[in-house]
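# Observations on the model geometry
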Amino acid sequence: MYQLSEEEVDARARARRFADELVAYEVEAELNDGELPAEVREAHKRRAHELGLFATNMPREFGGGGCSMLQQVLIQEQMGRVTNTLGWVAATPPAWLVKVATPDQIERYVIPATRGEKEECYAITEEGPGSDVDALTATVRRQGDNYVIDGVKWHVTSFNSASFAFFQGKLSEGPHRGEHAMLIVDLPSPGVRVVRTPKYSHTTSHHHPIVGFEEVRVPVANLVGEEGDGMRFAHEWFRYERLMVAARCLGASGRLVEEASRFANGRIVRGRPISELGAIEALLADSLTELFAAKALVYETARGIDQNLDLKAQHAQCSMSKLFASEVAGRIADRAVQIFAGRGYMRENVAERFFRELRVERIWEGTSEVQRWIIADQLAKRGVDALV
Ligand SMILES: Cc1cc2nc3c(=O)[nH]c(=O)nc-3n(C[C@H](O)[C@H](O)[C@H](O)COP(=O)(O)OP(=O)(O)OC[C@H]3O[C@@H](n4cnc5c(N)ncnc54)[C@H](O)[C@@H]3O)c2cc1C
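Keep in mind that what you see is a predicted model, and the values were worked out from it rather than measured. For every chain, the first residue of its written sequence is number 1, and the numbers climb from 1 along that sequence. Under the rules for a predicted model, residues below a pLDDT of 70 receive no local features and side-chain atom pairs below 80 are neither given nor counted, while totals for whole chains, interfaces and linings still include all residues. As a convention, hydrogens and water are excluded, and side-chain values are obtained from all of the structure's heavy atoms.

### Some remarks on the overall build of the protein
Put simply, the test is: Going along the chain from the N terminus, every DSSP run of H or I of four or more residues is numbered as a helix, and every run of E of two or more is numbered as a strand. It is over C-alpha atoms that the radius of gyration is taken, and the globule rule equals 2.2 Å times the number of residues to the power 0.38. To sort residues, take the accessible area from a 1.4 Å probe on protein chains only and compare it with the maximum for the residue type: under 20% means buried, over 50% means exposed, and anything in between is partly exposed. Contacts are assigned to residue pairs with any non-hydrogen atoms lying within 4.5 Å of each other. Here the open area of atoms and residues is found with the Shrake-Rupley method and a 1.4 Å probe, where only the protein chains shown may cover a residue.
Looking only at helices and strands, the protein has twelve helices and nine strands in total. For the protein, the C-alpha radius of gyration of 21 Å lies close to 21 Å, the compact-globule estimate for 388 residues. By principal-axis analysis of the C-alpha atoms, the protein measures approximately 80 × 50 × 40 Å. Per-residue burial over the protein gives 54% buried out of 388 residues. For the protein, restricting intrachain contacts to residue pairs at least 6 apart in sequence, the fraction spanning at least 24 positions comes to 75%. Total accessible area computed for the protein in this model is approximately 17700 Å², and 52% of it derives from carbon and sulfur atoms.

Below, the structure is given as structure tokens:
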């Protein structure tokens, strides 16, 4: 199906094997604030490397997998089958950095991240600007051989395990005043502190704290690209991550349809499995149909990227993929809870966990409303035929 090559089928099978292994740890993580014993975490990390599922997006010359976009989608889809973000262990370090990194940044960040020795986090969102990244208020100013940065960033995912942060702010002085700059901040660094760590809907070991950066001095060597380049990188990262969000939503949706269908076949009410009741059949049929449509869309988008589709069309299609796959996953999770009913409201049930966890897929990396705005904007500028 989907005309996958042998190599693609193999990548998917390896990822599925790993996902099935991780599923066994979900309930333990759920009941322990997302935490698992350190030796289990380490074993998962080793397994991800062993199966060739770590850094699949990074170039082979640096030790990465050098996978095509479709292969990455197939792998992340399988990782999306697992709750409590356990699948994030098959991490995709910042491949966008490779194109602009200096040789020194390649040595200090790209290679260690590809080997799994260093982990990154993104400090971009702020309380006021929110979705409007153009309106960031964090400041960056040059002082001798350093930049001095100030700002408060929200929802900094994985800050608790990261060894460096991508910080985006606006230059407050100099020839590029008012433009964006991105810097790599080593963690910990003097002046960087957690303001607080709120609890979120999902249960994961990856925290999303509010982080203050006060007069933090960052060497000029840690500027990414040129002054004024900041937004360019944000767009590239968003494009990639939106497609990977979509891929993980496919995996979650597939697992939910399978589990709900299996339950419906075995749950007998008045002498008949509930899967034979018209109302339940409709829930399952709609879920499967929407999953098929989402898969076709996401795979086709990945193929387009592999074939160097026009960048603007890629941008619109990644937004369409994220929008559709995340909304579909939300509906499928809701139907799955309804099929499991009381059992589906228990935290030990996969539908309950996904019902909470999938909600954020419509929010991060740009909300559904923002994706619609991007898609409509591209439609107005380029027309239907250029985009679909
Ligand atoms: C769990 C989690 C992890 C996250 N991780 C990170 C991270 O690691 N790094 C990071 O930098 N950020 C991260 N984020 C931030 C995330 O990207 C933002 O929450 C998201 O972009 C939306 O911004 P906001 O929450 O401020 O919403 P707001 O911008 O305040 O939006 C409020 C409402 O207005 C709507 N809206 C806003 N603008 C428009 C528009 N132009 N058109 C139509 N409707 C609009 C929104 O859709 C929404 O319904 C994370 C968020 C969460 C919840």
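### Things to note about the site of the ligand
Heads up, the condition is: One heavy atom within 4 Å of a molecule or strand makes the whole residue count as near it. Here a polar contact means two N or O atoms within 3.5 Å. Within protein one must be a hydrogen donor candidate and the other an acceptor candidate, and residues neighboring in sequence count only if both atoms are side-chain atoms. Throughout, the ten residues Ala, Val, Leu, Ile, Met, Phe, Trp, Tyr, Cys and Pro are labelled nonpolar, Asp, Glu, Lys and Arg are labelled charged, and all others, Gly among them, are labelled polar.
Around the ligand, the structure places 16 residues, and the nearest of them are Thr-125, Ser-131, Thr-157, Thr-367 and Glu-369. Measuring from an oxygen atom of the ligand, one finds a side-chain N or O atom of Thr-367 at 2.7 Å. Taken together, the residues of the shell around the ligand break down into seven nonpolar, seven polar and two charged.

### Re the packing of aromatic side chains
Worth spelling out the cut-off: Under the pairing criterion, centres of Phe, Tyr and Trp rings, with the six-membered ring standing for Trp, must be within 6.5 Å; the plane angle then separates stacked pairs below 30 degrees from edge-to-face pairs above 60, leaving the rest tilted.
Taken as a whole and assessed by the stated rule, the structure comprises eleven aromatic pairs. Aromatic side chains Trp-96 and Phe-166 sit 4.9 Å apart centroid to centroid with 55° between the ring planes, which places their arrangement in the tilted category. Of the two residues, Trp-96 is situated in helix H5 (residues 95–100) and Phe-166 in strand E4 (residues 164–171); the sequence distance between them amounts to 70 residues. Owing to a relative accessible area of 0%, Phe-166 belongs among the buried residues under this scheme. Summarising the aromatic geometry, the rings of Tyr-122 and Phe-166 are spaced 5.1 Å apart at their centres and angled 35° between planes, so their arrangement reads as tilted. Highlighted residues: Tyr-122 in strand E1 (residues 120–123) and Phe-166 in strand E4, separated in sequence by 44 residues. The pair formed by Tyr-122 and Phe-166 is uniform in burial state, with each residue classed as buried.

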